[in-house]
Amino acid sequence: MIPLLRQIQRGVSALFSPARADAETDLEVRHFVQSRTRELERQGLPYEDALRQATTEVGSLTATREEVRASGWEHGVDTLLSDVRYALRRLRRDPVFTMVAALTLAVGIGAATAIFSAVNPILFRALPYPGAERIVTISDRAQSGAPAEPTYGTYEELASRSRSFETMSATDLWRPSLTGTDEAERLQGQRVSASYFHTLGVLPAVGRSFDDAEDAPGAARVAVLSDRLVKRRFGGADSIIGTSITLNGEPYTVIGIMAPGFTDILSPSTDIWAPLQAQPRAAPNAREWGHHYRIVGRLQRGLDVDVARRELATIASQPISEYPRVLWAGLENGLLVRGLQEDVTAGARPALIAVVAAAAMLLLIACVNVANLLLARSRRRRAEFSLRAALGAERKRLVRQLLTESVMLAIIGGALAFVVAQMGVGALVALSPPGLPNVDLVRVDGTAFGFGLIITTLVGITVGLMPALSASRADVRGGMQGVSRTVAGGRGAARGALVVCEVALALILLVGAGLLVRSLDRLLAVSPGVQTERVLTMQVVDAAGRNRTDQERLNFYEQALTAVRNVPGVMDAAFTSQLPLSGDLDAYGYTFAAFPERQPGEDGAAMRYSVSGDYFRVMGIPLLRGRLLDESDRADAPPSFLISESLAIQTFATADPIGQRVRFGPDSDGSRPWGTVVGVVGDVKQQSLASLNTAAFYVSSAQWRWVDPVQSLVVRTSGDAAAMTNAVRRAVWSVDRNKPIARVATMEQLVWRTGSDRRFASVIYGTFAIAALLLAAVGLYGVVSGLVAERTREFGIRSALGATRGEIVRGVLANGLLFTTIGVAIGVAGAFATTRLLDTLLYGISGADPSTYAGVIALLGSVAVLACWAPARRAAAVDPVVTLRSE
Amino acid sequence: MDEQSTDVISGTLDMLILKTLSLAPMHGFGIARRVEQISRGVFKVNAGSLLVALQRLERAGLLDAEWRETENGRQGKFYSLTRAGRKQLAVETTEWDRKVGAINRLLRTES
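A.B. asks: Explain the overall build of chain A here, please?
C.D. replies: Counting secondary structure elements, chain A contains 27 helices and 25 strands. Here chain A, with 887 residues, has 43% of them falling under the buried criterion. Residue pairs at least 24 apart in sequence account for 84% of intrachain contacts in chain A once pairs closer than 6 positions are excluded.

A.B. asks: Looking at this structure, I do not really get the overall build of chain B. What am I missing?
C.D. replies: Helix and strand counts for chain B come out as four helices and five strands. Secondary structure elements of chain B occur, N-terminal to C-terminal, as β-α-β-α-β-α-β-β-α. A buried classification covers 29% of the 111 residues belonging to chain B. For chain B, long-range pairs separated by at least 24 residues make up 54% of all intrachain contacts whose partners lie at least 6 apart in sequence.

A.B. asks: Mind showing me how you'd approach the packing of helix 5 (residues 74-93) of chain A against helix 14 (residues 395-431) of chain A here?
C.D. replies: All names here are of chain A. At a minimum axis separation of 9 Å, helix 5 and helix 14 run at an interaxial angle of 65°. You can see that helix 5 and helix 14 cross each other, and the crossing is right-handed. Side by side, helix 5 and helix 14 meet where Asp83, Val84, Tyr86, Ala87, Leu88, Arg90 and Leu91 of the first sit next to Arg400, Gln401, Thr404, Glu405, Met408 and Leu409 of the second. Of the residues that constitute the contact of helix 5 with helix 14, the class distribution is seven nonpolar, two polar and four charged.

A.B. asks: Please explain the interface of chain A and chain B as it appears in this structure.
C.D. replies: Often, the extent of an interface is quoted as the loss of accessible area upon association of its parts. Listed by partner, the interface residues are 22 residues for chain A and 18 residues for chain B. No other element matches helix 2 (residues 18-42) of chain A, which puts ten residues into the side of chain A that touches chain B. For the side of chain A that touches chain B, the per-class residue count stands at eight nonpolar, eight polar and six charged.

A.B. asks: When you look at helix 21 (residues 725-735) of chain A in this model, what are you seeing that I'm missing?
C.D. replies: Residue pairs three or four apart in sequence face the same way in an α-helix, which turns once every 3.6 residues. All names here are of chain A. Taken together, the buried positions of helix 21 are Val728, Ala731 and Val732. Projected onto a plane normal to the axis of helix 21, the buried residues spread over an arc of 95° and lie on a single side. Residues Asn726 and Arg730 are exposed on helix 21 and point more than 90 degrees away from its buried face. On the buried face of helix 21, the contacting elements are strand 14 (535-541), helix 18 (550-565), strand 15 (570-576), strand 24 (710-717) and strand 25 (741-746).

A.B. asks: Quick question: what am I supposed to make of the pairing of strand 5 (residues 75-81) of chain B here?
C.D. replies: Consecutive side chains along a regular strand alternate between the two faces of the sheet. Residues and elements named next belong to chain B. Examined bridge by bridge, strand 2 (residues 26-27) and strand 5 share two bridges and lie antiparallel to one another. Each residue of the ladder has a partner; that of methionine 26, found in strand 5, is tyrosine 79. The sheet contact formed by strand 4 (residues 63-69) and strand 5 spans seven bridges and is antiparallel. When the bridges of strand 5 are listed, arginine 68 appears paired with glycine 76.

A.B. asks: Is there a simple way to think about the confidence of the model for chain B in this case?
C.D. replies: Residue and element names in this part refer to chain B. Summing up the model confidence of chain B, the mean pLDDT is 82 and the portion of residues at 70 or higher is 89%. Looking at the elements of chain B, mean pLDDT is at its lowest for strand 1 (residues 6-7), recorded as 68, and at its highest for helix 4 (residues 83-108), recorded as 90. Here the predicted complex carries an ipTM of 0.82, next to a pTM of 0.63.

A.B. asks: Explain unusual backbone geometry here, please?
C.D. replies: Peptide bonds are trans in most cases, and residues, glycine excluded, mostly fall at negative phi. Positive phi values are uncommon outside glycine, yet arginine 534 of chain A reaches one of about 55°. Here arginine 534 of chain A is to be found in the loop between helix 17 (493-525) and strand 14.

A.B. asks: Honestly, the nonpolar core in this entry has me stumped. Any pointers?
C.D. replies: When a protein is soluble and globular, its nonpolar side chains tend to lie buried together. Residue and element names in this part refer to chain A. In terms of nonpolar packing, the biggest core is built from 100 residues, with Leu362, Ala506, Leu507, Leu509, Phe768 and Ala772 touching the most fellow members. Mapped by element, the contributors of at least two residues to this core are helix 6 (95-124), helix 12 (349-380), helix 14, helix 15 (446-470), helix 17, helix 23 (756-790), helix 25 (805-834) and helix 26 (850-876). Judged by nonpolar contacts, the second largest core, of 59 residues, contains Leu647, Val681, Tyr698 and Val732.

A.B. asks: Quick question: what am I supposed to make of the sheet that holds strand 2 of chain B here?
C.D. replies: Adjacent strands of a sheet form backbone hydrogen bonds with each other and so pair up, either parallel or antiparallel. Reading across from one edge, 2-5-4 (chain B) is the order of the three strands in this open sheet, with antiparallel pairing throughout. Two strands bound the open sheet, and with one partner strand each, they are strand 2 and strand 4 of chain B.

A.B. asks: How should the environment of proline 528 of chain A be read in this particular structure?
C.D. replies: Turning to its location among the elements, proline 528 of chain A is positioned in the loop between helix 17 and strand 14. Setting aside residues up to four positions removed in sequence, proline 528 of chain A forms contacts with Pro580, Leu581, Val684, Lys685, Leu689 and Val751 of chain A.

A.B. asks: Sorry if this is basic, but what is going on with the environment of leucine 123 of chain A here?
C.D. replies: Residue and element names in this part refer to chain A. Of note, leucine 123 is situated in helix 6. Placed 230 residues apart in sequence, leucine 123 and isoleucine 353 show a C-alpha to C-alpha distance of 9.2 Å. Among all residues touching leucine 123, those that are not within four sequence positions of it are Thr345, Arg349 and Leu352.

A.B. asks: Looking at this structure, I do not really get the pairing of strand 24 of chain A. What am I missing?
C.D. replies: All names here are of chain A. Most of strand 24 sits inside the fold, with seven of its eight residues counted as buried. Pairing of strand 14 with strand 24, which is carried by seven bridges, proceeds in the antiparallel orientation. Its bridge partner being in strand 24, threonine 537 is matched across the sheet by valine 714. Here strand 15 runs beside strand 24; their pairing, made up of six bridges, is antiparallel.

A.B. asks: Help me out: how do you make sense of helix 1 (residues 13-23) of chain B in this one?
C.D. replies: Looking at helix 1 of chain B, one finds that the buried residues are Leu13, Leu16, Ile17, Leu18, Thr20 and Leu21 of chain B. Next to the buried residues of helix 1 of chain B lie strand 2, helix 2 (28-38), helix 3 (47-59), strand 4, strand 5 and helix 4 of chain B.

A.B. asks: Which parts of the structure should I look at to understand the environment of proline 596 of chain A?
C.D. replies: Secondary-structure assignment places proline 596 of chain A in the loop between strand 17 (590-592) and strand 18 (606-611). In the structure, proline 596 of chain A is positioned 66 residues away from valine 662 of chain A in sequence and 9.9 Å away in space, judged by C-alpha atoms.

A.B. asks: Whenever I open this one, the confidence of the model for chain A confuses me. Can you help?
C.D. replies: Any region with low pLDDT has predicted coordinates that should not be read closely. Residue-level pLDDT values for chain A average 83, and 92% of them are 70 or greater. Note on residues 482-490 of chain A: pLDDT under 50 across the span, and twelve contacts to partners over four residues away in sequence or across chains.

Reading the values: the criteria
Positions within a chain are numbered from 1, following the residues in the order the chain's sequence is written. Whichever chain is written first becomes A and whichever ligand is written first becomes 1, with later ones labelled in order. Under the rules for a predicted model, residues below a pLDDT of 70 receive no local features and side-chain atom pairs below 80 are neither given nor counted, while totals for whole chains, interfaces and linings still include all residues. Elements are defined by DSSP. Helices are runs of H or I of four residues or more, strands are runs of E of two residues or more, and each kind is numbered from the N terminus. Whether a residue is buried, exposed or partly exposed follows from its count of other C-beta atoms within 10 Å of its own C-beta, namely 20 or more, 12 or fewer, or something in between, respectively; the C-beta atoms are built from the backbone. Contact between residues is assigned whenever the C-beta positions, reconstructed from backbone atoms, fall within 7 Å. To get an axis, a line is fitted to the C-alpha atoms, and for a helix only the part in contact is used. The angle between two axes follows their N-to-C directions and goes from 0 to 180 degrees. Handedness of a crossing is defined here by the sense of rotation of the near helix relative to the far one, left-handed for an anticlockwise turn of less than a right angle and right-handed for a clockwise turn. Classes in brief: Ala, Val, Leu, Ile, Met, Phe, Trp, Tyr, Cys and Pro nonpolar; Asp, Glu, Lys and Arg charged; the others, Gly included, polar. By definition, the arc is the one covered by directions from the helix axis to the C-beta atoms. At least two DSSP bridges between two strands are needed for those strands to be called paired. Per residue, pLDDT captures the predictor's confidence, and it can take any value from 0 to 100. Buried Ala, Val, Leu, Ile, Met, Phe, Trp, Tyr and Cys residues whose C-beta atoms connect them within 7 Å together make up a nonpolar core.

This is the structure we're talking about:
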């Protein structure tokens, strides 16, 4: 302990006041000389001679001082500091190299880190539930193999027949209106089986979860709230437990509060949960047989998911009379069992994986570029190192020097990279498609950052060490002369290969970006079937209790429309039960009297729009045949339907559908009279611009089986639609202050949002592709410059022998373009192979789209010519006299 | 001096310093002089190596150092053995005896 302290203390004081340490040594040496002189004087020598002899014997003061100084540990620190100073000086002296290398590192590492940081928690980090790997979702499987939402009837059967699960729960989206407080609000909620929180493995932090009795139809109403909601609306007090709140006009008793930070992965914005209270063994036309539930189960401990899969497949294929199924939930195509994480990320997975691939490629390019830059630099410095070796520098010292330089570069680049990564993560979160899990957990990932930093640094160190290793004493002459004597040779091969790689990788990224951008373009060029300019939309909720009659509801919406129409700047307004491109999806099977043998649902489903009469005018949906809905379509009149063009063609081909009798959805069991098709209107994209299913029917809200408690108000304005929001909202509230208004958006915003995952991928690909293109250009410039510098003498001789400037320029360009061409060839092959990753993100364009490839090749070619142009000009400008004389 | 003096056998300088100081505290020149005297001029101590060794031993806590006035009225750095130094000397002496014994046995073995 004491010796160690002494070591440190003496070392540190020598480090900080080297002069004092030296002075002590000097004193001691001088003391030596004096003592020896005196001794010699005593032996009879005169003072002068004695001093001279003593000085000779003791030796040089400086040498002794050096010796003493070099013996302490602080000397190592000193050397390191001087290495660092020297390295920084070298880097400063070559600012272009330093800047390009540091920026390359920053872009490569930063972008890769940002991407991995964002994707890791979303795709791979375990969900924040105990035993999350045992939680699976179960969906119906459509004929295409795609998942479809299951019915409650299916849940009932599976929950009773399956033995693979500890617990199984069904959930249904729920958007209750919270009233009775200062501002009415439409909440995001879920109705769930009593076992739901047990299935997730997380119980309320305060209060309790639901019990089975509360899940029975007609039981007392209870709710569990999120901590977020309690804080936002109820002052954050736990005393809310046991009190009553008003949802959809009914009192609900609050029985539990979830912990802060708890997220319901199945529906991340959920703030309130209530028991499902579904009807057991419901009739086929009941809500319980609709495809709008989700089933989530917790596997028995230690049970493999494949065992559960097989069991459910067996159940699906063997119906029993105890659980009669309906036609549209017959489970003929089996069930789809997926891990919860896989399920919730399924939509974003292709985009995220494509983006990860892009990041990996960019990191590769950065590595290649750093290698390239260092290689070129090391060639320029061969003379320096040969000289230093010749002057006696140990190889160890040279290696150490270069290591210091590489590490300094890595530190500078790494610091910049961290900034890039921070900004990148922020941008990614902002851009990410909605509904992803764990997005709020996205931070710069230390592991990913370290990984990128280490890879690039290792590459840098390996490549950077080459000049030191080759600067052995033996080839000092060659090394020093090499600079001027080199004529064209095979030296460029390694660097050439690197540039070829870069060009190939850049091409792959550019092709990906090109395909994505063009897909997005084409997608946004698709007509949604409605006019989107100057249309404001918002949901208006009328959910005031179960005693509210349809007529009261109709009256409210009617009055609201009148109030909105009176707002200055509003040209027209209407209500609809479902709004195109908003995420709504409400579809029903149908039967036409002309084809009685077809079962409802057999021809697929048609989307239902219960609308007020002016809807078509507000949205600009064209009438193709027959008439629109009007005042005559009252509740007591026989129902009239409009059908979409695609439903008309799909059912009647070219025949006239007007006057055909039809039943939709719950009416198709035959208990109600047939309705009549009175008109055909244009197709509208409901789910997204890319969706192909546009079969739809329209009915007057008064004539449908129920009046929807949630309707979307659509308003055509004379000026900017978004600016009218407050005036329209005030108008609705002037009728009834207690009606929540939600999801305010202009139609243009909704169209813009429908491309969000494609936009996410194409912004990232685009950014990466541009970065890759720049890096490749820098690499190409560096290599060709290097070659030109080495061949200065050759160019001198050639121009002395009569070569024109044009010939020399062409020669150098050809050299650079050869690399480019090989790179492009490899890149095209690579792009063909890898764009399959992007398939699901492409729209209206093939992964092998020739014009995209041609465009990218042309772009890359022009950039390559630009990058080679400056060095080529330099080669042509070589003055033969100067070159030859300098030999 | 009849015979040529040589540098101290490598690795033994520390031990010689410790031994010398075990008799009395001394300054650098004194140590060098004493080693030469006792070895009857066989070993000669180079000032540089001595100072490096002294600095090392002092930092290792085997010696204490103190600036004091010398017999001729000048400032000199006096070194003295610490307790750890004394222990180290014993260890090194034993080790040295062992090695020398072994070497002697090897050299005297009749072939």
